[in-house]
Amino acid sequence: AQTVTQSQPEMSVQEAETVTLSCTYDTSESDYYLFWYKQPPSRQMILVIRQEAYKQQNATENRFSVNFQKAAKSFSLKISDSQLGDAAMYFCAYRGIGGSQGNLIFGKGTKLSVKP
Amino acid sequence: GAVVSQHPSWVICKSGTSVKIECRSLDFQATTMFWYRQFPKQSLMLMATSNEGSKATYEQGVEKDKFLINHASLTLSTLTVTSAHPEDSSFYICSARRTNPLSNQPQHFGDGTRLSIL
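In this report, we go over the structure that sits alongside the text. (Residues numbered from 1 in each chain as written. Chains lettered and ligands numbered in written order. Predicted model: local features only at pLDDT ≥ 70, side-chain atom pairs only at ≥ 80, totals over all residues. Heavy atoms only, no water.)

**A word on the overall build of chain B**
Part 1 of the reasoning: Within chain B, the regular secondary structure consists of zero helices and 11 strands.
Part 2 of the reasoning: Starting at the N terminus, the α and β elements of chain B follow one another as β-β-β-β-β-β-β-β-β-β-β.
Part 3 of the reasoning: Taken against the 2.2 N^0.38 rule, which gives 13 Å for 118 residues, the C-alpha radius of gyration of chain B at 14 Å falls within 12% of a compact globule.
Part 4 of the reasoning: Principal-axis analysis of the C-alpha atoms places the extent of chain B at approximately 40 × 25 × 25 Å.
Part 5 of the reasoning: Restricting the contact set of chain B to residue pairs at least 6 apart, pairs at least 24 apart contribute 55%.
Part 6 of the reasoning: Only carbon and sulfur atoms are counted for the fraction: they give 52% of the accessible area of chain B, which is about 5,800 Å².
Part 7 of the reasoning: With 11 positive and 9 negative side-chain charges, chain B shows a spacing of 2 Å between the two charge centroids. (Helix = DSSP H or I, 4+ residues; strand = E, 2+ residues; numbered from the N terminus. Rg over C-alpha atoms; globule rule 2.2 N^0.38 Å. Contact = heavy atoms within 4.5 Å. Areas by Shrake-Rupley, 256 points an atom, 1.4 Å probe, with all protein chains shown as cover. Lys, Arg positive; Asp, Glu negative; His and termini not counted. Charge placed at Lys NZ, Arg CZ, Asp CG, Glu CD.)

Below, the structure is given as structure tokens:
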């Protein structure tokens, strides 16, 4: 079974600085998708960025980028120029392509605080 | 962009009553919808996968007679918590994705339902 591990329960960053959130996963599949979701206090799940495993190029979305290391099964999220609005819970998620019907497997999350 | 509407956002009811939560995909068709439960300060736990026109697939440990799922159309799935008790109090979130399971379409989440059973 696939698992997703986020080893940092909490992280803190100074406004305008850069922070990296860690995520590792375990799977026997060769093709899959990885996601980072943000959940602010409103508890709405917001997709931050996604990565297809067959793509070697790291995904980027404005201030958000990932460091995808397929061999190491690592998928970290880098937030540049951190803003107060980035404060939230961040969940790393895995989705297979096979017979799992596409459900997401989430890590336990990392709570990010942004200091002004 | 794709929008998923979840209703109600917050419900408080007495123990023993049944509560229905609706999840609608507003601008796309979704043969598959997912129901998650989230306890405070914890991650999302998949409860069941809802399939249009067929029975839902429940995760291990989730009582299918307790949490009834109906996916009668390509845009609507409902979760009914039957004979709710205080331990059922939680945050329930649905998500939906476009039809093809092999596509790279992400899941789109509803805003969640905070259920409080007195």
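After that view, the rundown keeps rolling.
**Section: a nonpolar patch on the surface**
Part 1 of the reasoning: Residues W10(B), I12(B) and L118(B) make up a contiguous nonpolar surface patch of roughly 390 Å² in combined accessible area.
Part 2 of the reasoning: Take I12(B): it is sitting in strand β2 (residues 10-13). (Patch = residues over 30% accessible without salt bridge, like charges linked within 9 Å, V, L, I, M, F, W, Y side chains within 5 Å. Salt bridge = Lys/Arg side-chain N within 4 Å of Asp/Glu carboxyl O.)

**A word on the pairing of strand β10 (residues 88-96) of chain A**
Residues and elements named next belong to chain A.
Part 1 of the reasoning: In terms of burial, β10 is largely enclosed, as nine of its nine residues are buried.
Part 2 of the reasoning: As paired strands, β10 and strand β12 (residues 110-115) are joined by three bridges and run antiparallel to one another. Note that in β12 the partner of A88 across the bridge is L112.
Part 3 of the reasoning: Sheet topology note: the β10/strand β11 (residues 105-106) ladder contains two bridges and is antiparallel. Bridge pairing in β11 places Y94 opposite I105. (Buried < 20%, exposed > 50% of the residue type's maximum accessible area, 1.4 Å probe, protein only. Pairing = 2+ DSSP bridges.)

**Quick word on the sheet that holds strand β8 (residues 76-81) of chain B**
Residues and elements named next belong to chain B.
Part 1 of the reasoning: Taken in spatial order, the four strands of this open sheet run β1-β3-β8-β7, and their pairing is antiparallel. Of all strands in the sheet, those bounded by a partner on one side alone are β1 (4-7) and β7 (67-73). With direction set aside, neighbouring strand axes in the sheet form an average angle of 15 degrees.
Part 2 of the reasoning: Of the pairings in the sheet, the one linking strand β3 (residues 19-25) to β8 comprises six bridges and is antiparallel in character. Looking across to β8, one finds that R24 is bridged to L76. (Axes fitted to C-alpha atoms, helices over the stretch in contact; angles between N-to-C directions.)

**Comments concerning the nonpolar core**
Part 1 of the reasoning: If you look at the biggest cluster of nonpolar residues, it comprises 25 residues, and the most contacted ones within it are Y25(A), W36(A), F75(A), L77(A) and Y90(A).
Part 2 of the reasoning: Sorting the residues of this core by element identifies β3 (19-21), β5 (32-39), β6 (46-52), β8 (64-69), β9 (74-79), β10 and β12 of chain A as the ones contributing at least two each.
Part 3 of the reasoning: With four residues, the single largest contributor to this core is β10(A).
Part 4 of the reasoning: If you look at the next biggest cluster of nonpolar residues, it comprises 24 residues, including I21(B), A48(B), F67(B) and A96(B). (Core = buried A, V, L, I, M, F, W, Y, C linked by side-chain atoms within 4.5 Å.)

**Brief notes about unusual backbone geometry**
Part 1 of the reasoning: Residue P8(B) is bonded to the preceding H7(B) through a cis peptide linkage, with omega at 0 degrees.
Part 2 of the reasoning: Looking at the element boundaries, P8(B) is found in the loop between β1 and β2.
Part 3 of the reasoning: Phi at A16(A) takes a positive value of approximately 80 degrees, unusual for a residue other than glycine.
Part 4 of the reasoning: Structurally, A16(A) can be placed in the loop between β2 (10-14) and β3.
Part 5 of the reasoning: Despite not being glycine, R43(A) has its phi angle at roughly 75 degrees, a positive value.
Part 6 of the reasoning: Its location among the elements puts R43(A) in the loop between β5 and β6.

**Notes on the packing of aromatic side chains**
Given two aromatic rings, their pairing is described by the distance between the two centres and the angle made by the two planes.
Part 1 of the reasoning: A full pass over the atoms with the stated rule returns 13 aromatic pairs over all chains.
Part 2 of the reasoning: Ring centres of Y37(A) and F109(B) lie 5.1 Å apart, and the angle between their planes is 80 degrees; this geometry places the pair in the edge-to-face category. A residue pair is termed interchain when its members come from two chains, as with Y37(A) in strand β5 and F109(B) in strand β10 (residues 108-109). In this pair, the class of Y37(A) matches that of F109(B), namely buried.
Part 3 of the reasoning: Measuring from centroid to centroid gives 6.3 Å for F67(B) and Y92(B), while their planes differ by 45 degrees, and the two rings are tilted. On the criterion of sequence distance, the pair formed by F67(B) in strand β7 and Y92(B) in strand β9 (residues 90-97) is long-range, its members being 25 residues apart.
Part 4 of the reasoning: Y92(B) sits in the buried class, given a relative accessible area of 0%. (Phe/Tyr/Trp six-rings, centres within 6.5 Å; stacked < 30°, edge-to-face > 60°.)

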